[in-house]
Amino acid sequence: MFLVVPDPAHGLVAAPESSDDLTPATEEILAAQGFTWNAEIEAYTRLADHGPAAVDHTAGMLRDLGHYVFSAHMPLPTD
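Residues numbered from 1 in each chain as written. Predicted model: local features only at pLDDT ≥ 70, side-chain atom pairs only at ≥ 80, totals over all residues. Heavy atoms only, no water.

## A word on the nonpolar core
Next, step 1: Residues F2, V4, A14, L30 and L62 are the most contacted members of the largest nonpolar core, which totals 13 residues.
Next, step 2: Listing elements by their share of this core, those giving two or more residues are β1 (2-7), β2 (11-16) and α2 (52-64).
Next, step 3: With four residues, the single largest contributor to this core is α2.
Next, step 4: Here L62 is in contact with F2, V4, A14, T26, L30, H67 and V69, once residues within four sequence places are set aside. (Core = buried A, V, L, I, M, F, W, Y, C linked by side-chain atoms within 4.5 Å. Buried < 20%, exposed > 50% of the residue type's maximum accessible area, 1.4 Å probe, protein only. Helix = DSSP H or I, 4+ residues; strand = E, 2+ residues; numbered from the N terminus. Contact = heavy atoms within 4.5 Å.)

## With respect to unusual backbone geometry
Next, step 1: Even without being glycine, E42 reaches a positive phi, approximately 55 degrees.
Next, step 2: By secondary structure assignment, the location of E42 is in the loop between β3 (36-38) and β4 (43-46).

## Some thoughts on α2
Next, step 1: Between its terminal C-alpha atoms α2 stretches 18 Å, which fits the 18 Å expected from 13 residues at 1.5 Å a residue.
Next, step 2: When α2 is considered as a whole, its buried residues turn out to be A54, V55, T58, A59, M61 and L62. Projection of α2 onto a plane perpendicular to its axis shows the buried side chains occupying an angular sector of 155 degrees, all on one side. Projecting away from the buried face of α2 at angles above 90 degrees are the exposed residues A53 and D64.
Next, step 3: Positioned one or two residues after α2, G66 has a phi angle of 100 degrees, which is positive. (Expected span 1.5 Å × (residues − 1). Arc of directions from axis to C-beta.)

Take a look at the structure:
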């Protein structure tokens, strides 16, 4: 399972529920889309292009690979 959301500090975030979600195909597709692994938050992040279309596109790619995905277009409040 993945969570795909925009984040004010990290851009677009694709966070796996566990390391079992990080299949070679998943890692390859995320890397090809410009995501890099952020060990601090244990998620893939991409600073550029984190609007609603990018959230939907990333969530769709992960679903096409067989992952369950929760996604949101609005960043969580920082307060």
